[in-house]
Amino acid sequence: MIWANKGAADGLGKKLEDIVGLHCYTLWHGRTEPCDPCPVLDSFSTGRPAGLVVTTPDGRTWDLRTIPLLDDRGDAATVIEVGRDITEHRRLEAQYLQAQKMEAIGHLAGGVAHDFNNILSAIIGYGHLTLMNMREDDPLRLNIENILEASDRAAYLTQELLLFGRKQVTERKPLDLNDVLLKVKKFLLRVIGADVEFETFPFSSPLPILADSHQLEQVLMNLATNARDAMPKGGTFTVATEQVALGADFCSAHGYGKPGAYALLTASDTGKGMNEETCKRIFEPFFTTKEVGKGTGLGLAVVYGIIKRHEGFINVYSEPNKGTRFKIYLPLVAREPREGVAMQADDMPARGTETILLAEDDPSLRQLAKTVLTTFGYSVLEANDGKDAVEKFIANRDRIQLLLFDLVMPKMNGKEAFDEVRKINACIKAVFVSGYAEDALDKDSLPEHDVLFIQKPVTPIDLLRKVRELLDR
Ligand code: ADP
Ligand code: MG
């Protein structure tokens, strides 16, 4: 080496005069002979520029370029070597590729789930319809019931996919947080595995909150998965619920939340814990400390998103080797949770005589909805896309009392068609059927009082209940 700049010297922690005259392979690579390959030697022998990307023992990545300076005969007399530290650049690149990959998978999953939901709607719908028309003692009932049960599981799977693609509609209903915990307990047991002790301490009285049960189940699953990963040699995972009142002092101390009554869910494990640095970043999408292929870094990002959508907040307390504790606060609602969610088979929805404009592009689903509605006394006008729906509405504006629109349709989507129709009749009500939350759909821009959402796959009873509920409002 006949000369080096200050950056090179600083990088070695030496003074410039101490490195001139030494060999680069000694200084940077701790070797007694040239590296193989070596771009400097390459340039000397070929008289042409060369390059190499190397990772040094300290884990940093360097982009090395060499440029020969030629003498009168055209031989390389001197070579300039430029080294750039591209560690950060490479890290960002990898992160970007990972983000892109996840996004693509999300799109794919969302798209498949959407079509799959339509198919499931037909299976579930016709199944229920058959059951409704079967005699109580028909021996074939059991077969249909088995088909429906399997379809329910398939529907659950599609929900997972949609949640992953973050395309799921949040459907918040009054429910008891303790019920959610109870419901998901056996799944959590399976996630947690046999080596880990699992204990639940539900609060002694109900904790009414406004929530999407499935999404809260997802939250618990993700927390349990992480707890399991943090306790490879076993330990205890505990989930407790309680009721707390947050005062103004708590909110100002934490810098978030509104004073009031909250349901508090605490999930603790006795695992390896985290340092402060990690704690700060865990909710970032794609932040993971797990090896490639093990962690996606999405678990807690999804948790965070869900809690945010529920107007709640989450924080974490952890120290290395001292375990981890997550606290989730969800606002309590005054209303008592509705009794039970399951409908009794004989608890048939009320009939109606109104005329409904039905817009759905999938012919088998359209036929299904029509059959269900007409069986219960309604008159149905059909449209096969959004544009057709607007035209049919104009032609029959005096008869139609309710719109039943699929959200995703060709030519004009459900929301756009609804907006058009509302220009003609400003009080018309609509039930929207959706496979997943459309990015284009801004729920806040919809008249809350006049619309209801129903998520695919739709059961006939659900459909009839929503239709009746909105008409009676
Ligand atoms: P992933 O599990 O795919 O890594 P998450 O978003 O679920 O992604 O978690 C992000 C990171 O937070 C984990 O990689 C881990 O470092 C840390 N973490 C989460 N939960 C725990 C826990 N219970 N104990 C220790 N570390 C945890
Ligand atoms: Mg995780």
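As the structure is a computational prediction, the values presented were derived from the model and not from experiment.

Undergrad: Just to check I follow, could you spell out the pairing of strand 10 (residues 324-331) for this structure?
TA: Look at any regular strand and the pattern is simple: side chains alternate between the two faces of the sheet. The sheet contact formed by strand 8 (residues 260-269) and strand 10 spans eight bridges and is antiparallel. Across the sheet, the residue bridging to Ala-263 is Leu-330, located in strand 10. Bridge count between strand 9 (residues 313-318) and strand 10: six bridges; the pairing is antiparallel. Its bridge partner lying in strand 10, Asn-315 is registered against Lys-327.

Undergrad: Would you mind going over the packing of helix 12 (residues 363-375) against helix 15 (residues 460-472) with me for this structure?
TA: Relative placement of two packed helices is described by the angle separating their axes and the distance separating the axes. Packing of helix 12 against helix 15 leaves a shortest axis separation of 10 Å and a crossing angle of 60 degrees. By the angle class used here, helix 12 and helix 15 are oblique. Note on packing geometry: the crossing formed by helix 12 with helix 15 is right-handed. Only Pro-460, Leu-463, Leu-464 and Val-467 of helix 15 make contact with helix 12, whose side of the interface consists of Ala-369, Val-372 and Leu-373. Split by residue class, the contact of helix 12 with helix 15 holds seven nonpolar, no polar and no charged.

Undergrad: Looking at this structure, how should I read the site of ligand 1?
TA: Inspection of the region around ligand 1 gives 19 residues, with Asp-269, Thr-288, Thr-289, Lys-290 and Thr-296 positioned closest. Within the contact set of ligand 1, an oxygen atom lies 2.8 Å away from a side-chain nitrogen or oxygen of Asn-226. A distance of 3.4 Å separates an oxygen atom of ligand 1 from a polar atom in the backbone of Gly-299. Relative to its unbound accessible surface of 530 Å², ligand 1 loses 94% to contact with the protein. Where the shell around ligand 1 is concerned, the elements lending two or more residues are helix 8 (213-230), helix 11 (299-309) and strand 10. Across the shell around ligand 1, the residue classes break down as seven nonpolar, ten polar and two charged.

Undergrad: Any chance you could explain the sheet that holds strand 8 here in plain terms?
TA: Working definition: the strands of a sheet are paired by backbone hydrogen bonds and lie parallel or antiparallel to each other. Taken in spatial order, the five strands make up an open sheet running 5-7-8-10-9, and their pairing is mixed. Pairing within the sheet leaves two strands with one partner each, and these edge strands are strand 5 (196-201) and strand 9. Mean inter-strand twist for the sheet, computed between neighbouring axes without regard to direction, equals 20 degrees. Against the sheet, helix 11 touches strand 9 and strand 10, its axis set at about 140 degrees to strand 9.

Undergrad: Please clarify how the state of the cysteines should be interpreted in this entry.
TA: Following the criterion strictly, the structure yields zero disulfides and no others. The closest cysteine sulfur to the non-disulfide-bonded Cys-24 is located on Cys-38, 5.6 Å from its own sulfur.

Undergrad: Hey, could you run me through the layout of surface pockets in this one?
TA: Using a probe with the size of a water molecule, rolled over the atoms, empty space left in the structure can be pinpointed. Quantified by volume, the second largest pocket comes out at close to 1300 Å³. Forming the walls of the second largest pocket are 39 residues, and the residues nearest its centre are Met-1, Cys-24, Trp-28, Glu-81 and Val-82. Those elements that provide at least two residues to the lining of the second largest pocket are helix 1 (6-12), helix 3 (24-29), helix 4 (39-46), strand 1 (50-55), strand 2 (61-70) and strand 3 (76-85). Ranked by residue count, the leading element in the lining of the second largest pocket is strand 3, at seven residues. Looking at the lining of the second largest pocket residue by residue, the class counts come to 27 nonpolar, eight polar and four charged.

Scoring rules and cut-offs
- Residue positions within a chain follow its written sequence, with the count starting from 1.
- Chain labels run from A onward and ligand labels from 1 onward, assigned in the order the entries are written.
- At least 70 in pLDDT is required for a residue's local features to be given in this predicted model, at least 80 for side-chain atom pairs to be given and counted, and no such filter applies to totals for whole chains, interfaces and linings, which use all residues.
- Think of the side-chain values as coming from all heavy atoms in the structure, minus any hydrogens and water.
- Strands qualify as paired when DSSP identifies two bridges or more between them.
- Here a strand is any run of E in DSSP of at least two residues, a helix any run of H or I of at least four, and the numbering for each starts at the N terminus.
- An axis is simply a line fitted to the C-alpha atoms; with a helix, the fit covers only the stretch in contact. Between two such axes, the angle follows the N-to-C directions and lies from 0 to 180 degrees.
- With respect to orientation, any angle under 35 degrees is reported as roughly parallel, any angle over 145 as roughly antiparallel, any angle of 65 to 115 as roughly perpendicular, and every other angle as oblique.
- By definition, turning the near helix anticlockwise from the far helix through less than a right angle yields a left-handed crossing, and turning it clockwise yields a right-handed one.
- Contacts are assigned to residue pairs that have any heavy atoms within 4.5 Å of one another.
- Asp, Glu, Lys and Arg are counted as charged, while Ala, Val, Leu, Ile, Met, Phe, Trp, Tyr, Cys and Pro are counted as nonpolar; the rest, among them Gly, fall into the polar class.
- Here, proximity means that at least one heavy atom of the residue falls within 4 Å of the molecule or strand.
- We call two N or O atoms a polar contact when they sit within 3.5 Å, provided that within protein one can donate a hydrogen and the other can accept it, with sequence-adjacent residues counted only if both atoms are side-chain atoms.
- All accessibility values rest on the Shrake-Rupley procedure with a 1.4 Å probe; residue burial counts only the protein chains present in the view.
- Here, the term disulfide refers to a pair of cysteine sulfur atoms separated by no more than 2.5 Å.
- Within this scheme a cavity is a closed region of a 1 Å grid, computed over the protein atoms alone, that accommodates a 1.4 Å probe without allowing it to escape, whereas a pocket is open but has protein on both sides within 12 Å along at least five of seven lines; lining residues each have an atom within 4 Å of a point.
- Grid points are joined across faces, edges and corners, and a volume is the space filled by probe spheres set on the points.

None of this, on its own, says anything about what the molecule does.
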